[in-house]
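# Close look at the chain arrangement
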Amino acid sequence: MKAKATFTAAVAILAFAATTTRAQIPASSNPHPKSGVDRLYVIDCGDGSATDESRWTPGVNVEVPIGFPGHCYLIHHTQGWFLWDTGISDDVAKLPHHELVLHEWGPGTGPIWRKPITLAAQLEELHVKPSDIKLMAVSHSHPDHAGNVEMFPNTLMLVQRVEYEWAGSRQDTVAFSKKHPVKLIDGDYDIFGDGSLVLLSTPGHTPGHQSLLVRLPKTGPVILSGDVAHFQTSFDHRYVPSNNWNKQASLLSMDKIAAIMAKEHAQLWINHDQIQSDAQKRLPAYYE
């Protein structure tokens, strides 16, 4: 019975993904709204590495070492602070060598995550307290994206309903605390109603994976990837890792992102891409 329910849910998500690939991009009722966003900070939320890139690019760059940065994004909106993703747990900074090996393909498979600087320390540098964060969202429930959710115990979290229900079902996911305030989302969602921050349903890597469209007044539209693709080459060549939840949904979601990029003339900021990461501004600098 459980297998049948899982299959039915998978079919529904794939059908929804196919539909939203062709759907219009959510915006406010005003076709040219003024963005309520005025600042976006790129925060270092983990320094990862792996010995075999081909785990994420099947058949390509076999046994080639690769850097695996991780980021969180602190965004200031006229209605308050918004945090996208929370990174690998700050507790890793307390471990020997400040590092932790995750086990995405089983024991000892990596990647290795290091925490040379904590999320808490970087927020403090900006004089932002956890209690100052009005809203937060995570792209999905993997520990390098959802590791610090409980640093913000009173902040309303926006997460796709299917991801919330699935989280904790595999050894490589974080189970969300049922005590944490949450708003469950079904599909794309305009967070503040002005088109400035729009959640994009991009299932595939996980059942309820989501990305974020940010309309910045000077930089222009930016899509924060989550793990819809791990590297620029993954997006360009549509590589799908073997441990993604569903390959077809992953491909449909990448196509959806490409369509939004073309319509919005948007940049795609890929969370784990080392070359992009090296070129981005860091605190206290920000994007407008």
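Residues numbered from 1 in each chain as written. Predicted model: local features only at pLDDT ≥ 70, side-chain atom pairs only at ≥ 80, totals over all residues. Heavy atoms only, no water.

### Here's the deal with the state of the cysteines
- Going through the model one piece at a time under the given rule, you end up with 1 disulfide.
- One disulfide bridge connects Cys 45 with Cys 72, the sulfur atoms lying 1.9 Å from each other. One quick way to see it: the torsion about the S-S bond of Cys 45 and Cys 72 is about -120°, and its sign makes the bridge left-handed. Residue Cys 45 is located in strand S1 (residues 37–50), and its partner Cys 72 is located in strand S2 (residues 66–77); the two are separated by 27 residues in the primary sequence.
- Taking the relative accessible area as the measure of exposure, Cys 45 reaches 1% and is therefore buried. (Disulfide = S-S within 2.5 Å. Helix = DSSP H or I, 4+ residues; strand = E, 2+ residues; numbered from the N terminus. Buried < 20%, exposed > 50% of the residue type's maximum accessible area, 1.4 Å probe, protein only.)

### A few points about the sheet that holds S2
- With respect to topology, 8 strands assemble into an open sheet ordered S4-S5-S1-S2-S3-S6-S7-S8, the strand pairing being mixed. Each end of this open sheet is capped by a strand with a single partner; those strands are strand S4 (99–101) and strand S8 (182–185). Going across the sheet, the axis of each strand differs from the next one's by a mean of 25°, ignoring polarity.
- Where S1 and strand S5 (residues 112–114) come together, 3 bridges link them in antiparallel fashion. Note on S5: the bridge partner recorded for Gly 48 is Trp 113. (Pairing = 2+ DSSP bridges. Axes fitted to C-alpha atoms, helices over the stretch in contact; angles between N-to-C directions.)

### Side note on the pattern of salt bridges
- One pass over the structure, following the stated rule, counts 12 salt bridges.
- Linking Arg 161 and Asp 186 is a salt bridge whose minimum nitrogen-to-oxygen distance equals 3.1 Å. One end of the pair, Arg 161, is in helix H4 (residues 161–166); the other, Asp 186, is in the loop between S8 and strand S9 (189–190), with 25 residues separating them in the sequence.
- Taking relative accessible area as the criterion, Arg 161 reaches 33% and is therefore assigned partly exposed.
- Here Lys 256 and Asp 188 are joined by a salt bridge, their closest N and O atoms 2.9 Å apart. Of this pair, Lys 256 sits in helix H6 (residues 247–264) while Asp 188 sits in the loop between S8 and S9, and the two are 68 residues apart along the sequence. (Salt bridge = Lys/Arg side-chain N within 4 Å of Asp/Glu carboxyl O.)

### Regarding unusual backbone geometry
- In this chain, Leu 283 is followed by Pro 284 through a cis amide linkage whose omega measures 5°.
- At Asn 61, a residue that is not glycine, the phi angle is positive and equals roughly 55°.
- Here Asn 61 shows up in the loop between S1 and S2.
- Asn 61 sits in the partly exposed class, given a relative accessible area of 36%.
- Although it is not a glycine, Glu 63 adopts a positive phi angle of roughly 60°.
- In this structure, Glu 63 sits in the loop between S1 and S2.
- Assessed through its relative accessible area of 62%, Glu 63 is described here as exposed.

Coordinates in, geometry out; function isn't part of it.
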